[in-house]
Amino acid sequence: MKLLENKKALIFGVASDRSIAYGIAKQMHFHGAELALTYLNERFEKRVKDIAASFDSNLVHPCDVSNEEEIEQTIQWIANQWKEIDIIVHAIAFAPTELLGGDYLEHMNKGGFTTAHEISSYSLTSICKKARPYLNKSSIVTLSYIGAQQAIPSYNVMGVAKASLEANVRYLAACLGPTGNRVNAISAGPIKTLSALAIKGFKDKLEHDKNTNPMRENVTQDDVGHTASFLCSNYAKAITGEVIYVDNGNHILGAN
Ligand code: 0WD
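Residues numbered from 1 in each chain as written. Predicted model: local features only at pLDDT ≥ 70, side-chain atom pairs only at ≥ 80, totals over all residues. Heavy atoms only, no water.

A. Broad picture of helix H4 (residues 110-131). The terminal C-alpha atoms of H4 lie 29 Å apart, and with 22 residues this matches the ideal 32 Å at 1.5 Å per residue to within 8%. For H4, the N-terminal cap is Asn 109; the gap from its side-chain oxygen to the backbone nitrogen of Gly 111 is 3.1 Å. (Helix = DSSP H or I, 4+ residues; strand = E, 2+ residues; numbered from the N terminus. Expected span 1.5 Å × (residues − 1). Polar contact = N/O pair within 3.5 Å; in protein donor to acceptor, adjacent residues only side chain to side chain.)

Shown next as structure tokens:
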């Protein structure tokens, strides 16, 4: 029996075959889950359709999570197909690039701060609220980073948004738990993806991580996919509200 057999997974955040969400989709497909993928806008449509097809799925839908109606439409669309949503993967984050480097306060402004929180944290709440009627012993997983817990150079406002996201996970877990649903975050080590490259000095960070973390190698999309598959399987049925580090042990070190 495969880990996720008979489970249906709605995955937000596949932008390319380097996305963390791609690694998660790949592993969930391997473990037997049926997949539906969302994409930000038409710029990603063909690429995401091709990726879905490679995982035997034609369930693809646009969803810009800054738009509440698009989230509602996406949930209604998938609820019409599936009735229940067993797994939701939220692998989305955004902050204006000028805020992701240098002095924390220098480029800070209310709009950028708000956008970072809206796209990177509130969107999870909104998805859960709209999907709530279709959850049934479901598992929701989002993606965080050590910058939520420590002041990491250049990560800046995104670290504050990730701290919000991690608190969000705990409140959502407490809220949805009594009806049998679980919510967890994976705090991943640095991985070379499209949006990670927007963070100033990211390539140096990747190199530093490889040279210093206990396992002396960078985390891969597949590493995150394996843990996400476990978290969404029945083997993790007693784990909720948790932040699981998939970072080759980086977070246990005294200095990052
Ligand atoms: O080192 C890393 N790459 C880490 C990423 C370490 C730890 C955590 N993460 C997190 C990110 O913060 C994010 O929450 O993992 C998640 C996925 O990020 P990723 O896989 O690194 O990045 P990417 O492949 O670029 O996917 C993120 C996607 C966007 O891609 P672009 O390239 O356009 O930024 O999030 C999507 C978009 O497709 N996205 C949105 N989707 C819907 N609505 C929106 C939006 N408004 N904004 C961004």
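Structure's up, so let's keep going.
B. Expanded view of the nonpolar core. Judged by nonpolar contacts, the single largest core of 35 residues is most densely connected at Ile 11, Met 28, Leu 35, Leu 37, Ile 186 and Val 224. Listed by contribution, the elements that provide at least two residues to this core are strand S1 (8-12), helix H1 (20-30), strand S2 (34-39), helix H2 (42-54), strand S4 (85-90), strand S5 (135-144), strand S6 (182-188) and helix H7 (221-231). Residues within four places of Val 224 in sequence aside, it is in contact with Ile 20, Ile 24, Leu 143, Ile 186, Ala 188, Ile 191, Val 219 and Val 246. If you look at the next biggest cluster of nonpolar residues, it comprises 31 residues, including Leu 59, Ile 85, Ile 119 and Leu 124. (Core = buried A, V, L, I, M, F, W, Y, C linked by side-chain atoms within 4.5 Å. Buried < 20%, exposed > 50% of the residue type's maximum accessible area, 1.4 Å probe, protein only. Contact = heavy atoms within 4.5 Å.)

C. Structural detail: the site of the ligand. Around the ligand sit 28 residues in total, of which Ser 19, Ile 20, Ile 191, Thr 193 and Ser 195 are the nearest. A distance of 2.6 Å separates an oxygen atom of the ligand from a polar atom in the side chain of Ser 19. Interatomic distance of 2.8 Å between a backbone N/O atom of Val 65 and a nitrogen atom of the ligand. Considered on its own, the ligand offers 870 Å² of accessible surface; in the complex 91% of this is hidden by protein. The residue inventory of the shell around the ligand, partitioned by class, reads 19 nonpolar, seven polar and two charged. (Near = heavy atom within 4 Å. Areas by Shrake-Rupley, 256 points an atom, 1.4 Å probe, with all protein chains shown as cover. Nonpolar A, V, L, I, M, F, W, Y, C, P; charged D, E, K, R; others polar.)

D. Quick look at the pairing of S6. Counting buried residues in S6 gives seven out of seven residues, a clear majority hidden from the surface. Of the two faces of S6, the one lined by Arg 182, Asn 184, Ile 186 and Ala 188 and the one lined by Val 183, Ala 185 and Ser 187 are each fully buried. Two elements, S5 and S6, share six bridges in a ladder whose sense is parallel. Looking at S6, one finds that Val 141 is bridged to Asn 184. (Pairing = 2+ DSSP bridges.)

E. Structural view of the pattern of salt bridges. In this structure the tally under the stated criterion is five salt bridges. Of the charged contacts in the structure, one is a salt bridge between Glu 34 and Lys 8, with a shortest N-O distance of 3.6 Å. In this pair, Glu 34 sits in strand S2 while Lys 8 sits in strand S1, placing the two residues 26 residues apart along the sequence. Residue classification places Glu 34 among the partly exposed residues on the basis of a relative accessible area of 37%. (Salt bridge = Lys/Arg side-chain N within 4 Å of Asp/Glu carboxyl O.)

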